[in-house]
Structure formats: structure tokens, C-alpha cells
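Secondary and tertiary structure notes
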Amino acid sequence: MFSGTTMMVPLRPCNGVSQYLSKSPMVHTKRQTTVRNIYMKAQTQAVPSRTQRIMESISVGGEVGGAGGAYSYSALKRLDKIWSSICSAETVQQEPQQVVSDFPGVFSHSALAEKAVHKFDVVVCGGTLGIFIATALSVKGLKVSVVERNLLKGREQEWNISRKELMELVEAGILNENDIEEATAVSFNPNRCGFENKGEIWVEDILNLGVSPVKLIEIVKKRFIALGGVIFEGCSVSGISIYDDAAVLQLAEGNILSSRLIIDAMGNFSPVVKQIRGGRKPDGVCLVVGSCAHGFKDNSTSDVIYSSSSVKKVGNAEVQYFWEAFPAGSGPLDRTTYMFTYVNPQPDSPKLEELLEDYWDLMPKYQGVSIDNLEILRVIYGIFPTYCESLVMLAAYSHLSLSVVLGA
Ligand SMILES: Cc1cc2nc3c(=O)[nH]c(=O)nc-3n(C[C@H](O)[C@H](O)[C@H](O)COP(=O)(O)OP(=O)(O)OC[C@H]3O[C@@H](n4cnc5c(N)ncnc54)[C@H](O)[C@@H]3O)c2cc1C
């Protein structure tokens, strides 16, 4: 049937998806004018990008709330929309919602106190890394709760980390060494740092473990609950009221949690951080795109940081690409590669999808493979806003109560 859609002619296959070229449909009819109109309409419709075709060919189950936990094309478009709005803003993106408010006096005399209240020593907002600090505080004997707006679950894509960093979690009583063994999917050495024409340095034991966030967070979640911790899953932070003797959290779902301390672990897009920063545009942003793919024969070492080219133009912007590459735990031929860059957010800054379009060309050259021989298992992306000014200093200047400890 031919009804206003672009006809596609397959070129060479990539990731099981044919690459398409628009082509005039072979329609023979007396009503040539109508056909021409239909064809012209068809031609004006956008041909999907290589990124879209690759991403839509992968089934993405198990997306979660934390950074790098969404793999679908629609989630990429959503993040690119957020990124575009950051780029288009002058200095202030938009007046942020006032999530934290100060109330003079004691909580027991307030109107909120009459509503049903759960009492804790500490409430941690945001569960991905929040569950770790919540467990450390529970180990110390405090009554702690975690509020997470999604399911509290780690992402499928491994975290690369050094054993030394994990051992700090053992020292804090959050994990034991068996947990580390259980959650570690892969380990590899040596690890390279290299810059074009500047030589290479090979190191050992740096970011040389691939840890399963799904397993690690499940282990810590169980420990937290066993210690008496309470998790409010599928619940969003709506407002935080600071009294002389309590920090009180209201959830969008209606629950009220009173505590002595509220910890913000809601990541880079925390509403508390937005309020403290007055909705200000970030000074710089790290953009990262990548994939986990099957088909790398040379897969025993990693790149902690590698740059094989100097500054290049992407659209109207200039960027320098850096790379990371890690063997993945899902199989001996599976490898994660990340391409990242640092930009000032401006209207002509490249979008994540544009970076991915570059990535499909550059990654095979960087890794010495052909994209035709790779099966893309997952596409990964994220943005990391950065500011020159310290958040804690800003919080102090803005008189926002430091009963809210800042996580980002
Ligand atoms: C592509 C990519 C690759 C990465 N690779 C690595 C790696 O290899 N190794 C590594 O160590 N790190 C890696 N990171 C970074 C790592 O993912 C982050 O450091 C980690 O996820 C940060 O956790 P977080 O809890 O601070 O923030 P987030 O991961 O952003 O989590 C914030 C949590 O808060 C919740 N939340 C947000 N708003 C609310 C609200 N209003 N109410 C309730 N809950 C809320 C979210 O649902 C989420 O669970 C990577 C990140 C990306 C994007």
C-alpha cells in the first residue's frame, strides 16, 4: 500500500536494520498528478536518522530512573528537549519551583503536624545512590527512610568502578566483600590513558570492574530494609518545610514524613538544587553518548580516557571528543564505548542525537572494527551540568536551611 509514507530502499545492513534511502515509488497509474502529489508529500517527511533506526531496532526493557538508566529513542528525544531548553535560555532557564520553605516555630504547633505523619531521624530523597547513604546511616542506628519516585532499581548498564572505591562502602558497613563478588560482572587490566600524538600511559586497577547496578542496588536495598529502613517507592518529593526543630517532607502522593535531616540525592536535576541555583543555566555541560555492543574480538583491556582527534566542527559548534571503553560482563565479545565532550550550553551546541550520528562513524574507527560486524545491545546517553560556584556556599548565602544537605 502506498499512502503518504516515504518508500525506503535498503542499503547495507547495520545492527540487523537496513539503512534506507528515499526513492521514487514504482507506481504506474493513469492518475499521474495524484501520484506526483503523493510522492512529493512523501518526500517532505523526515527519513529516520541512523540513531533512530538503530535504537528502534533494539528492545529496551528495564528502564529505570537513575542517570544513564533510559535506553529508548523516545527517552533520548526527551533528554535532547531538556538539553535544548538549557541551551536556548539566556542566564535563567525558568523560575524554579520553591520546594524548600522556612517556617519559624516548632513543628508540633503547625497545621501540618495534625495530619498523619511518619517520623524518622533522616529522610533521603532519591534512591539510586541515596540507598547507599541511607544504609550507612541505618548501620549507625538511625531511623531512616528513602523516597524514590520510580522503582528503586539499578540500571542494566554496568557501572565501571575501582575496587578501592567499593571497599569504602565495605568500611562504611554498607556492603561486605561477598556482595562485591556477587555484583561484579567483569574485571580487566590494564587500563589505558592516551592523547593523540602524546603517547599512552597504562595503569592497573582504575575503573577496572564492571558492576551490575541491578544486583548492587538489590543487595543494598535488602540490607537497608533488614536494618529497619523504610522505602517510599513510586513517591515524588513535593515540598520540604523547615521548622525550628524538624525538616518535614511532603510527598506528591500525600504522605508527610518528619525528620531531623533531609538529604537530597535526587541527582543532577534535583528540584532542591534548581531552587538554590535560582534556575540558572549551567556554566558547562558534559555530554556523553555510547553503546554496549557485541562483536569485539579485541576486548581484554580498557580505556579510562582516550582522545584520538583534536577539535572538530559539529554543526556550528566546535567540540573535542574523548573516549572510554570497557569490556562488559554480558559476554567476552561485549564492550561498552562512551564518547563524551564538554561544551558551553549555547543555541548551536550539538544535540545528543547529533553526537550519536558522529559516534556511529567514529567508534568503529576508534576500536578498529566494522559496524556491520557489531550487534548494538543498548544505546546510552546522558548530560552532566556543571557550575563554577559551590552549591553549599550558595545555599548559605540564600539562607536556605542547611537542614537540607545537598547531593548534587
Ligand atoms: C551514560 C552514563 C554512564 C555512566 N557511567 C558510569 C560509570 O561507569 N560508573 C559510575 O560510577 N557512574 C557512571 N555514571 C554516573 C552514575 O550513573 C551516576 O553517578 C549515578 O547514577 C548518580 O546517582 P544519583 O543518585 O546521584 O543521581 P541519579 O542517578 O540521577 O538518580 C537520582 C534519583 O533520584 C530520583 N528522583 C529524582 N527526582 C525525584 C523526586 N522529585 N522525588 C523522588 N525521587 C526523585 C530519580 O528517580 C533517581 O532514582 C554514568 C552516567 C551516565 C549518564
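For the structure, check the block above.
Everything numeric in this text was worked out from a predicted model, so none of it was measured.

**Quick look at the sheet that holds strand E21 (residues 322–327)**
The 7 strands lie next to each other as E10-E9-E18-E21-E22-E17-E23, forming an open sheet whose pairing is mixed. For this open sheet the edge positions go to strand E10 (200–203) and strand E23 (375–386), each flanked by a neighbour on one side alone. Pairs of neighbouring strands in the sheet enclose a mean axial angle of 15 degrees, with direction left out of account. As judged from the 6 bridges shared by E21 and strand E22 (residues 334–343), these two strands associate in the antiparallel manner. Across the sheet, residue Ala 325 finds its bridge partner in E22, namely Thr 337.

**Focus on the nonpolar core**
The tendency in soluble globular proteins is for nonpolar side chains to be buried as a group. Core analysis: the biggest nonpolar cluster contains 36 residues, and Val 379 and Tyr 381 have the highest contact counts within it. Of all the elements in the fold, those that place two or more residues in this core are helix H2 (50–56), helix H3 (73–88), strand E17 (284–294), E21, E22, helix H9 (352–367) and E23. Residue contacts for Tyr 381: discarding those within four places in its chain leaves Met 55, Gly 68, Ala 70, Tyr 71, Ser 72, Ala 75, Leu 76, Leu 79, Val 288, Val 289 and Leu 352. In terms of nonpolar packing, the next biggest core, distinct from the first, is built from 25 residues, Leu 137, Ile 161, Val 211 and Val 220 among them.

**Digging into the pairing of strand E13 (residues 237–242)**
With respect to burial, E13 is a largely interior element, 5 of its 6 residues being buried. The sheet contact formed by strand E3 (residues 100–102) and E13 spans 3 bridges and is parallel. Each residue of the ladder has a partner; that of Asp 102, found in E13, is Ile 242. Relative to strand E14 (residues 247–251), E13 is paired through 5 bridges, and the arrangement is antiparallel. Bridge pairing links Ile 240 to Leu 249 in E14. Linking E13 back to E14 in an antiparallel pair, the connection comprises 4 residues.

**Quick word on the pattern of salt bridges**
Going through the model one piece at a time under the given rule, you end up with 12 salt bridges. Notably, a salt bridge pairs Arg 50 with Asp 361, separated by 2.6 Å at the nearest N-O pair. Here the residue Arg 50 occupies a position in helix H2, and Asp 361 occupies one in helix H9, the gap between them amounting to 311 residues. For Asp 361, a relative accessible area of 40% gives the class partly exposed. Here the salt bridges share partners, and the residues they tie into one network are Arg 163, Glu 177 and Glu 181.

**Remarks on the pairing of E22**
With 9 of its 10 residues buried, E22 lies for the most part within the structure. Where E17 lies against E22, 10 bridges are found, and the strand directions are antiparallel. Residue pairing in the sheet places Val 285 in a bridge with Val 343 of E22. Turn length for the E21-E22 hairpin, with the two strands adjacent in sequence and antiparallel, is 6 residues.

**Considering helix H4 (residues 130–139)**
Side chains three or four residues apart in an α-helix point the same way, a direct result of the helix having 3.6 residues per turn. Counting buried positions over the 10 residues of H4 gives 8, a clear majority of the element. Here H4 has its buried residues at Gly 130, Ile 131, Phe 132, Ala 134, Thr 135, Ala 136, Leu 137 and Ser 138. Against the buried residues of H4 lie strand E5 (122–125), strand E6 (144–148), helix H5 (163–171), helix H7 (213–226), strand E12 (230–233) and strand E16 (261–264). Where H4 ends, the next residue or the one after it, Gly 141, has phi of about 95 degrees, a positive value.

**A closer look at the sheet that holds strand E7 (residues 159–161)**
Pairing within the open sheet is antiparallel, and its 3 strands lie in the order E7-E11-E8. In the strand order of this sheet, the two ends are held by E7 and strand E8 (184–187), each with one partner. On average, adjacent strands in this sheet sit at an angle of 30 degrees to one another, irrespective of strand direction. Strand direction decides the pairing type here: E7 and strand E11 (residues 209–211), joined by 3 bridges, are antiparallel. Counted as the bridge partner of Trp 159 is Val 211 from E11.

**Observations concerning the site of the ligand**
In the neighbourhood of the ligand, 26 residues make up the surrounding shell, with Ala 67, Thr 128, Leu 129, Glu 148 and Asn 160 lying closest. Interatomic distance of 2.7 Å between a backbone N/O atom of Ala 67 and an oxygen atom of the ligand. Here the ligand, which alone exposes 980 Å², has 82% of that area covered by the protein. Broken down by secondary-structure element, the contributors of at least two residues to the shell around the ligand are E6, E7 and E23. Considering each element in turn, the shell around the ligand owes the most residues, 4 residues, to E23. Broken down by class, the residue content of the shell around the ligand amounts to 13 nonpolar, 10 polar and 3 charged. Residues from two domains meet in the shell around the ligand; each of domain 2 (54–88 + 284–386) and domain 3 (100–158 + 212–279 + 389–405) gives at least three.

**Here's the deal with unusual backbone geometry**
Most of the time, phi is negative for any residue but glycine, and the peptide bond is trans. The amide bond that connects Asn 189 to the next residue, Pro 190, takes the cis arrangement and shows omega of -10 degrees. Of note in this structure, Asn 197 is not a glycine but carries a positive phi near 60 degrees. With respect to the secondary-structure elements, Asn 197 resides in the loop between strand E9 (191–195) and E10.

The rules behind these values
Residues numbered from 1 in each chain as written. Predicted model: local features only at pLDDT ≥ 70, side-chain atom pairs only at ≥ 80, totals over all residues. Heavy atoms only, no water. Pairing = 2+ DSSP bridges. Helix = DSSP H or I, 4+ residues; strand = E, 2+ residues; numbered from the N terminus. Axes fitted to C-alpha atoms, helices over the stretch in contact; angles between N-to-C directions. Core = buried A, V, L, I, M, F, W, Y, C linked by side-chain atoms within 4.5 Å. Buried < 20%, exposed > 50% of the residue type's maximum accessible area, 1.4 Å probe, protein only. Contact = heavy atoms within 4.5 Å. Salt bridge = Lys/Arg side-chain N within 4 Å of Asp/Glu carboxyl O. Near = heavy atom within 4 Å. Polar contact = N/O pair within 3.5 Å; in protein donor to acceptor, adjacent residues only side chain to side chain. Areas by Shrake-Rupley, 256 points an atom, 1.4 Å probe, with all protein chains shown as cover. Nonpolar A, V, L, I, M, F, W, Y, C, P; charged D, E, K, R; others polar. Domains from an automatic or database assignment.

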